[in-house]
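The residues making up each chain are set out below.
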Amino acid sequence: MKIQIDNLRFTYPTGLEALRGISLTIEAGEQVAIVGQNGAGKTTLVRHFNGLLQPTVGSVLIGDWDTKKYPVAKLASRVGYVFQNPDEQLFSKDVGTEIRFGPRNLGYSKEKIDGLVKRALALTELSDKTETNPYDLSPTWRKMVALASVIAMDTPIVIFDEPTTGQDAPSITRIAHVIAELRREGKTVITITHDIDFCAENFERVIALSEGQVLLDGAAIDVFGQDEILAQTYVEPPQLTRLGKRLGLKETVRNQEEFLNALKR
Amino acid sequence: MHERLSFYIKRNSVIHHLNPLTKLTLVLALILIAFTSPWYWTPHLLVLIAIIPLSFLGKVAPEFFKTALRLILPAAGFLFLMQAFFQPVGETVIFKFYFLDMTQESLMFAFRNATRVIVMVSAFTFLLLTTHPSELMSDLTRRGLPGQFAYVIISTLQILPQMQAKAQTIISAQRSRGLDTESSFIRRMGSLTPLIGPLVFGSLAEVEERAIAIEARGFTSKKVKTSLHEIPDPSSDKLIRWVLIILVIISIALKLWLS
């Protein structure tokens with residue numbers, strides 16, 4: 001499902017202008033990472049995608065729906081949003097019930113819900129924990145429950161707000177696996193992240209925001225190549241990209257494979 | 001987002017630079033004089049010649065009048081009406097409303113009491129507008145107020161806006177999961193559990209973390225603590241406080257002597 005943002009401006013009630021004219025198109029099935037310093041407007045931008053915030057000026061279209069005309073509960077059938085802190089959304093006494101909550105709100109049939117929950121549990125490796133109380137799990141696993149509870153809603157667009165913050169290496173691998181699986185299913189994945197290495201390894205398109213405007217937007221490889229511009233929003237290219245540049249490699253590299261290939265030549 | 005719940009307005013004025021205890025003494029003195037002075041017009045005069053000029057001196061007059069209009073006047077007005085009608089004193093009836101009589105005496109009585117309340121509330125409003133709560137508390141703690149007491153006050157002021165922000169995030173997170181918070185009352189009642197659960201769990205966890213964090217910095221230690229922010233208390237402040245205390249004593253003495 002396509003997302004079309006046209007000249008989006010947003011001012012908070014406090015008078016802070018968080019977004020100053022953003023126009024973007026995100027095609028169905030794209031994997032997009034949004035980077036930028038704190039206060040650049042990343043979260044403000046994605047909260048427009050499911051109607052939590054309404055544009056002050058401009059418009060946001062999710063498929064053929066203008067977010068101004070649909071309530072959040074309705075937009076939830078098109079856009080899934082995983083919040084940063086799982087503790088701000090988990091309330092059920094066991095993992096299974098928690099994950100059923102979203103799809104049930106969307107009014108799916110019982111058979112469909114069963115299937116979706118099963119798939120979400122398998123994807124996040126939670127299948128053996130359905131009976132557990134989410135608060136008995138470690139924070140990394142609670143994050144997985146939050147992820148599963150949104151994936152089970154089977155929305156064509158999924159947003160992750162800083163999924164890797166505070167996660168250990170196995171958990172980050174699991175999250176990367178989830179994103180790869182969603183890509184395979186043809187879903188749009190939009191991720192806000194400060195973890196540039198994670199961004200380089202899992203996303204093709206990178207949008208860098210700075211002070212409420214799009215600073216850079218393009219293929220990850222092109223965006224990471226422009227380190228001077230990225231520095232304006234306090235983003236450093238991934239370690240291997242910087243190392244490659246210091247070594248004088250001709251092309252910009254993002255990951256180990258590209259780095260080794262470039263070295264061989 | 002994480003603003004403290006306080007009226008405090010940061011301005012650069014003579015009043016802002018006074019020691020917090022001096023301002024607290026000033027407020028208490030105004031209230032005591034308004035309630036004890038034997039002269040009928042004292043509370044009215046205090047509002048006109050003390051509290052209003054002080055709000056200008058403290059450069060908070062616009063905010064002061066706004067709060068007064070919204071909060072203090074309606075409350076005082078209500079009190080005035082109640083007392084004017086229900087105070088069973090005096091003979092000179094000047095207004096009759098069914099079985100309710102408003103006499104000249106009850107009117108005078110109500111007018112003074114309402115103004116006393118105005119003095120009390122507006123004096124505190126003035127204090128809150130010009131004094132940061134944590135500055136007042138740290139000054140009082142330094143003078144021997146138990147730390148636990150200050151903690152209760154300050155943490156309450158701090159926790160409420162934080163809980164409000166947290167509640168807002170939780171509502172957003174659950175709406176993103178398709179929770180309907182905008183339709184009928186019955187449906188909204190049903191959607192309370194997903195909102196209250198995380199709020200209560202989260203807040204309890206925060207209280208515990210906060211307790212551990214402050215204890216890690218020696219909260220219950222009996223040793224005398226130093227403070228990062230030295231709050232000045234020049235001799236002019238001490239002089240003002242003594243003058244205020246003497247005025248209160250005079251007011252009380254006059255009251256006792258004349259009655």
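Residues numbered from 1 in each chain as written. Chains lettered and ligands numbered in written order. Predicted model: local features only at pLDDT ≥ 70, side-chain atom pairs only at ≥ 80, totals over all residues. Heavy atoms only, no water.

1. Focus: the domain arrangement of chain B
Inference 1: Split by domain assignment, chain B resolves into domain 1 (14-139 + 232-258) and domain 2 (157-216).
Inference 2: Its C-alpha centre places domain 1 of chain B at a distance of 39 Å from the equivalent point of domain 2 of chain B. (Domains from an automatic or database assignment.)

2. Observations concerning helix α5 (residues 139-151) of chain A
The α-helix advances 3.6 residues per turn, and as a result positions three or four apart in sequence lie on the same side.
Residues and elements named next belong to chain A.
Inference 1: Relative to the 18 Å expected for 13 residues at 1.5 Å per residue, α5 spans 18 Å between its end C-alpha atoms, a close match to the ideal helical length.
Inference 2: Counting buried positions along α5 yields 12 of 13 residues, so the element is predominantly enclosed.
Inference 3: Buried within α5 we find Thr140, Trp141, Arg142, Lys143, Met144, Val145, Ala146, Leu147, Ala148, Ser149, Val150 and Ile151.
Inference 4: The secondary structure elements touched by the buried residues of α5 are β6 (79-82), α3 (95-105), α4 (110-123), β7 (157-161) and α6 (169-184). (Helix = DSSP H or I, 4+ residues; strand = E, 2+ residues; numbered from the N terminus. Expected span 1.5 Å × (residues − 1). Buried < 20%, exposed > 50% of the residue type's maximum accessible area, 1.4 Å probe, protein only. Contact = heavy atoms within 4.5 Å.)

3. A closer look at the layout of surface pockets
Residue and element names in this part refer to chain B.
Inference 1: Of the voids in this model, the largest pocket is the one considered here, and its volume is about 1600 Å³.
Inference 2: Ser134, Met137, Ser138, Thr141 and Ser227 are, among the 42 residues lining the largest pocket, the residues nearest its centre.
Inference 3: Of all elements in the fold, only α1 (14-17), α6 (133-142), α7 (147-176) and α9 (193-216) reach the threshold of two or more residues within the lining of the largest pocket.
Inference 4: No other element matches the 7 residues that α7 contributes to the lining of the largest pocket.
Inference 5: A breakdown of the residues in the lining of the largest pocket according to their chemical character gives 14 nonpolar, 17 polar and 11 charged. (1 Å grid on protein atoms, 1.4 Å probe; cavity = no way out; pocket = protein on both sides within 12 Å on 5 of 7 lines; lining within 4 Å. Points joined across faces, edges and corners; volume = space filled by probe spheres on them. Nonpolar A, V, L, I, M, F, W, Y, C, P; charged D, E, K, R; others polar.)

4. Brief notes about the interface of chain A and chain B
Inference 1: At the interface, 22 residues of chain A touch 17 residues of chain B.
Inference 2: The junction of chain A with chain B conceals about 1700 Å² of combined surface from both sides, 62% of it contributed by carbon and sulfur atoms.
Inference 3: Summed over the three residues of chain A that lose the most area to chain B, namely Glu88(A), Phe91(A) and Phe101(A), the buried surface amounts to 32% of that side.
Inference 4: Inspection of the region where chain A meets chain B yields 1 salt bridge.
Inference 5: Put simply, Arg177(B) and Glu98(A) hold a salt bridge, and the shortest N to O gap is 2.9 Å.
Inference 6: Taken together, the links from chain A to chain B amount to 5 residue pairs in polar contact (both at pLDDT 80 or more).
Inference 7: Secondary structure elements with two or more residues in the side of chain A that touches chain B: α2 (72-75), β6 and α3 of chain A.
Inference 8: Ranked by the residues each element gives to the side of chain A that touches chain B, the list is headed by α3(A), at 4 residues. (Buried area = accessible area lost by both parts, 1.4 Å probe. Salt bridge = Lys/Arg side-chain N within 4 Å of Asp/Glu carboxyl O. Polar contact = N/O pair within 3.5 Å; in protein donor to acceptor, adjacent residues only side chain to side chain.)

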